[in-house]
Structures are given as C-alpha cells and as structure tokens.
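# What the coordinates show
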Amino acid sequence: MAAPLGPVRTTDTLTRDALAVLQPGFTGTTAPDWLLRRLDEGLASVGLFGRNVHSPDQLAALSSQLRGVGGDILIAIDEEGGDVTRLEVRRGSSFPGNLALGAVDDTALTRDVARELGRRLADCGISLNWAPSADVNSNPGNPVIGVRSFGADPQLVARHTAAYIEGLQSAGVAACTKHFPGHGDTAVDSHHDLPRIAADLPTLQERELVPFRAAIAAGTKAVMSAHILLPALDGDHPATLSPAALHGLLRAPVAEGGLGFEGLIVTDGMEMQAISATYGIERGSVLAIAAGADAICVGGGLADEDTVLRLRNALVGAVRDGELSEKRLADAAARVRALARWTRSAGAAVGTAPAPGIGLTAARRALRITANGPYEPLTGPAYVAAFTPLANIAVGDETPWGIAAELTRLLPGTRTATHTAESAAALGTPALIDRLLAEAAGRRVVAVVRDAHRHPWMHEALRVLTAARPDTAVIEMGVPQAPPTGAVHIATHGAARVCGHAAAEALTNDTRTGPAAGA
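Keep in mind it's a predicted model, so treat the numbers as computed, not measured.

### Focus on the overall build of the protein
The helix and strand inventory of the protein stands at 19 helices and 14 strands. For the protein, the C-alpha radius of gyration of 23 Å lies close to 24 Å, the compact-globule estimate for 519 residues. Based on the C-alpha atoms only, the size of the protein along its principal axes is roughly 75 × 45 × 45 Å. In the protein, which comprises 519 residues, the share counted as buried stands at 60%. Summarising the internal contacts of the protein: among those between residues at least 6 apart in sequence, 77% fall at separations of at least 24. Counting only carbon and sulfur atoms, one obtains 53% of the accessible surface of the protein, whose full area is about 18,500 Å². The positive charge centre, built from 45 side chains, and the negative charge centre, built from 54, are 4 Å apart in the protein.

So, in structure tokens, the structure goes:
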C-alpha cells in the first residue's frame, strides 16, 4: 500500500490523472461536498447505484449538480434492464432483460428496447451505462449471469449485443459491454470468490469472444473486464489484472490475434471479493491500470471519500515508485476524458422519440407457454406461492420480482406467500405444501420460481405441489432449464416487473395495458 501523500495541489497533473481514472460511488440522492471537491480536483467519473435514485426528476437534478462542478464527466450507472435495474430499483424494471430479448430473437426489437432505455437514461443525465452483458451463458448453473445473458448460443448473443449497443448509443449514452472475456461458463459468483474458467484458447475464440468481437464492430465505447481466471490466457492473474487479457488480447490489433479495441476499458467493481480479498483494492487498482484498464469501478460497497483517497494515493505512489508508468496512467486518464467529451457531443445531437410501450411489447413476445392439460384462465382471486432463492448480489434484494402485484391488479383479493429453502428445510417439503394448500383455501394456485433447475428444494416443492393440485400454474422467471410442470407452464425469461405483467395477462387472458407499460 502506498504511503499517505502530503496535501494535494489541484494543478498536479499526476494527481489529476489518478483521480480521473476512478469511477467512485457515494451515498445519498444529492452529491456530498467531498465528491464535489474531488470533481474540482480532477475526478472525471461518478458511478450511481440504486441508493442514489429516487425519481427521474431527482436523478436529472443530481446529474446537473455533478456537471455544474465537473463539466465533461462520465455519469455511469448499472442499468441492464430486466432483473438488474437501478432506475426502477424499488418497483422493478419496465424492460425485460437480455434473456427475454434473446428468446424473441428479433434484433430490431432489441435495438428499439435499448434505444428507449438509453433515452430514459439520457433524460436523467446518465452518459455511460455499464451494459450490455455479452456473456454467453454456456453453463446453465451459472449463479451470477443467467437471465442477464442473451442466451447460450454465441452467434445469437453476438447479434443481440451489437443491436443493443447500436440502440443505446443512438440515444447518446455510451455502452460498456461486459464481462470481458466472458463470465458465462462460471459456477462461482465473482462477488464472492475468484471464478476459474478451464476452457482452452480455441474454445474462448469460438464461444466467449464472439460477442465481444461483434460489440467492437458495432462501436461499443467501453468494455468492462471480468474478475475471472482463465489459465489459457494467464495462469496467475484474473482478467482485470492481466496484461495478457487486456493489453495482449483486447487491445492487440486483429492482425496480431487480438480484438483491436481502442475504447475505454473499465474494471468490474474492485471491492468484489475476487479482487479485494486476494489483492486488496489499492494493489488491485494499480495492477489493473498497469495491465491496460483505463477506469476503476468502485463504489457499489465502498462509497466514501476515504476509498477515493486510498486509490488516488496508491496510483500516485505507484508512479513515483516506478511500479506504474506515468504514461500508462496518463493514457488511461485521456481515454476517460475523451469518452466524456463524446457523450456530451453525442447527447446534444440526439432527439429520440419516446416509445413507452416497447418494454411490455417485448415481454409479451418473450413468453413461452406450455399447456400440460386443460387449463381455464383465472377469473377470480388466486393464491400466489413464490418459491424464492437467495438474491443475486448483482440484482440486489430490494428490487421486487414475481407476479403477485400484477395479478392482484387484475384479480383483486389475490393472496401471496413467500417460501424459501430455509422454510422447506425447517418444515419438510410435504408439510410446507400442506400448509400452502391450507392457506390457499381452495383458490387456484400459481407457483412462481426462479431457476428451478439450480435449486433442488424448489424442484421438489413443485413436484409435491403439482401432484396434490394438478391445476397449478407454474411461472418460471429465471432460465427455463427444467422440464415444464403444472397444468400450464409459463417461461418469462426474466423476473422484471414487466415480465410479471405479461405473465399475469396470459393467466387471465386480460391484455389491458396497465402501469407496467410506462416508466
């Protein structure tokens, strides 16, 4: 760790460059004084999270406040749509996520959805979106990607990644394609530990890298690195810290076997355990910039001034100690500033017409309905049994999911209850289902699951429930890998609010447009 530095002079180019490569977060819905001071001293990016968002008007005011001090700065957010939303973190997204768009497989629709999402971001002053996910979900047991991927076929993922980038950037918002070189074949969540992908280089070239080549061809302004270890590229360092992965593969010219990317390379969150528990965020940030990254994403978990100062000091100290090239740091800072200038000019030139219903249109088209026997549409209050897994950190546990709210809107008096692995273990599955049916009190049962194929307890609960009540409807809101069960099985390909809206319509044959169609 670098020794603490003395007082910082705002004219110090090295210090300004060290601040420029940071993308920190903060708490609150207005900018704290410490952040405004650092913007004046050279900080060129800010990352926003759900905790910073109350409403579109508030977010636009916050963006204006930041730009009033920082001028040309990048205001970034993690708004994938679907399960991962920050704009609508407390109510659920108005847009289905990638898997739903991949299931429809209409690139024009994907482009239109991304354009409308970009328009809403731009209206709020956001200039960089940490999306789309270009990961090929080749491992259906993946605990962190899943519905965030367009699918398991590299070519499908590639064409929708390109369409998403084109749509988003046509609204003046820079895309940040992630998680390079591909997080889809992992069984470990890098928020918790360091995943390892054993695929050889030919497999990476034919699978993981296909969507990233398409993203670069489509003009993505940024790429986010993944905290994953790929021995085929580098047996010692995760991709975020690997010169072989960033400089040698992502940056290298196509003629030399690389992808030829010339835009901004952003790290995934440096406080994630794959980096912080192994290298520490200071050492990790120095290694990332040295390896070829241009911007350090931090702030999802560490959102204070001390974090910014620690990373600034570590980078300045590494240059002074000869561990990090001053030119490498200056080049990284220049790329950040160049992208900030692009977003200002691109945003000023855009006038995107609103398309408020596009999310619901996409969610309806993504439904896959399997009837396993006669099924009458719901006409009266139902009982919704939500079998709920542990929340994915990328998604967060504050974003609601399911269909209960949407079904209650169509069928007032509908009741709901949540069941977890803990309750199944405590009661035993037969007793859990007996209690569920007693609570249902004769109402039609709608069972809602998320990735049933990854959760044996959930699979067993469905088996016992559908045996006792064959007329049960089953709604799968994750990856539909398990065989369809229930009298009717609806795969939504995501758990966004708009997906629940579409599923509720299908259960009731009621397609009246409700609040999920809007922002």
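What follows picks up the thread again.
### Let's talk about the packing of helix α5 (residues 107-123) against helix α6 (residues 154-170)
It is the contact of α5 with α6, at a shortest axis distance of 7 Å, that shows an interaxial angle of 35°. The hand of the α5/α6 crossing is right-handed. On α6, the residues that touch T107, T110, R111, A114, R115, L117, G118 and L121 of α5 are R159, H160, A163, Y164, E166, G167, L168 and S170.

### Some points on the packing of aromatic side chains
Scanning all chains against the criterion turns up four aromatic pairs. Their ring planes at 45° and their centres at 5.9 Å tell us that F49 and W130 sit as a pair that is tilted. Taken as a pair, F49 in the loop between β2 (45-48) and α3 (56-70) and W130 in the loop between β4 (128-129) and α6 lie far apart in primary sequence, 81 residues in all. Judged on exposure class, the residue F49 and its partner W130 are both buried.

### What to know about the sheet that holds strand β13 (residues 473-476)
Strand order in the open sheet formed by six strands is β9-β14-β13-β12-β10-β11, and the pairing between neighbours is mixed. In this open sheet, the two strands that pair with only one neighbour each are β9 (368-371) and β11 (415-419). Strand-to-strand twist of the sheet, defined as the mean angle between neighbouring strand axes without regard to direction, takes the value 15°. Bridge count between strand β12 (residues 445-449) and β13: four bridges; the pairing is parallel. Within the sheet, the bridge partner assigned to V448 lies in β13 and is I475.

### Some details on the sheet that holds strand β5 (residues 174-180)
One open sheet holds the six strands; their spatial order is β2-β3-β4-β5-β6-β7, and the pairing between them is parallel. Of all the strands in the sheet, the pair left with one neighbour each is β2 and β7 (264-267). Pairing analysis gives four bridges linking strand β6 (residues 222-225) to β7, with the strands arranged parallel. By the bridge assignment for β7, S225 is matched with T267. The strands touched by α6 within the sheet are β4 and β5, with β5 carrying the most contacts at an inclination of about 150°.

### Description of the pattern of salt bridges
One pass over the full model with this rule turns up 34 salt bridges. When the shortest N-O distance is used, the salt bridge between D123 and R119 registers 3.0 Å. You can see D123 and its partner R119 sitting in helix α5, four residues apart, about one turn around the helix. Of the charged contacts in the structure, one is a salt bridge between D294 and R251, with a shortest N-O distance of 2.6 Å. A residue pair is termed long-range when its members are at least 10 positions apart, and D294 in the loop between α11 (281-291) and β8 (296-297) and R251 in helix α9 (residues 243-251) qualify at 43 residues. Exposure class is identical for D294 and R251. Each is buried. Linked through salt bridges whose partners overlap, the residues forming this network are D78, E80, R86, R148 and K178.

### A few points about α5
Spanning 17 residues, α5 covers 24 Å between terminal C-alpha atoms, matching the ideal 24 Å at 1.5 Å per step. For α5, the set of buried residues is L109, T110, V113, A114, E116, L117, G118, R119, R120 and L121. Along its buried surface, α5 packs onto β3 (74-77), α4 (98-104), β4, α6 and α14 (358-366). If you check the start of α5, you find a side-chain oxygen 3.0 Å away from the backbone N of A108, and it comes from D106.

### Some points on helix α8 (residues 209-217)
Burial analysis of α8 places seven of its nine residues in the buried class, which makes it a mostly covered element. For α8, the set of buried residues is L209, V210, P211, F212, A214, A215 and I216. Of the surrounding secondary structure, the elements contacted by the buried residues of α8 are α6, β5, α7 (201-206), β6 and α9. Positive backbone phi, approximately 95°, marks G219, located one or two places after α8.

### Considering the environment of P231
By secondary structure assignment, the location of P231 is in the loop between β6 and α9. The sequence separation of P231 and G357 amounts to 126 residues, and the corresponding C-alpha distance is 45 Å.

### Some remarks on the nonpolar core
Residues L22, L48, L66, L128, W130, F180 and V266 are the most contacted members of the largest nonpolar core, which totals 99 residues. Ranked by residues supplied to this core, first place goes to helix α12 (residues 305-320) with seven residues. The next biggest cluster of nonpolar side chains, apart from the first, holds 26 residues, and it includes V384, V488, A502 and A503.

### Quick notes on unusual backbone geometry
In terms of backbone geometry, most residues other than glycine have negative phi values and most peptide bonds are trans. Look at the link from A131 to P132: it is a cis peptide, with omega at 10°. If you trace the backbone, P132 turns up in the loop between β4 and α6. Note that the residue after F180, namely P181, is joined by a cis bond; omega there is 5°. Turning to its location among the elements, P181 is positioned in the loop between β5 and α7.

### Here's the deal with the environment of N98
By the secondary structure assignment, N98 is in helix α4. Exposure remark for N98: the relative accessible area of 4% places this residue in the buried category. Ignoring any residue separated from it by four or fewer positions in sequence, one finds N98 in contact with P132, S133, V147, R148, S149, F150 and Y164. At 2.9 Å, the side chain of N98 forms a polar contact with the backbone oxygen of R148.

Cut-offs and rules
- Residues numbered from 1 in each chain as written.
- Predicted model: local features only at pLDDT ≥ 70, side-chain atom pairs only at ≥ 80, totals over all residues.
- Heavy atoms only, no water.
- Helix = DSSP H or I, 4+ residues; strand = E, 2+ residues; numbered from the N terminus.
- Rg over C-alpha atoms; globule rule 2.2 N^0.38 Å.
- Buried < 20%, exposed > 50% of the residue type's maximum accessible area, 1.4 Å probe, protein only.
- Contact = heavy atoms within 4.5 Å.
- Areas by Shrake-Rupley, 256 points an atom, 1.4 Å probe, with all protein chains shown as cover.
- Lys, Arg positive; Asp, Glu negative; His and termini not counted.
- Charge placed at Lys NZ, Arg CZ, Asp CG, Glu CD.
- Axes fitted to C-alpha atoms, helices over the stretch in contact; angles between N-to-C directions.
- Left-handed = near helix turned anticlockwise from the far one by under 90°.
- Phe/Tyr/Trp six-rings, centres within 6.5 Å; stacked < 30°, edge-to-face > 60°.
- Pairing = 2+ DSSP bridges.
- Salt bridge = Lys/Arg side-chain N within 4 Å of Asp/Glu carboxyl O.
- Expected span 1.5 Å × (residues − 1).
- Polar contact = N/O pair within 3.5 Å; in protein donor to acceptor, adjacent residues only side chain to side chain.
- Core = buried A, V, L, I, M, F, W, Y, C linked by side-chain atoms within 4.5 Å.

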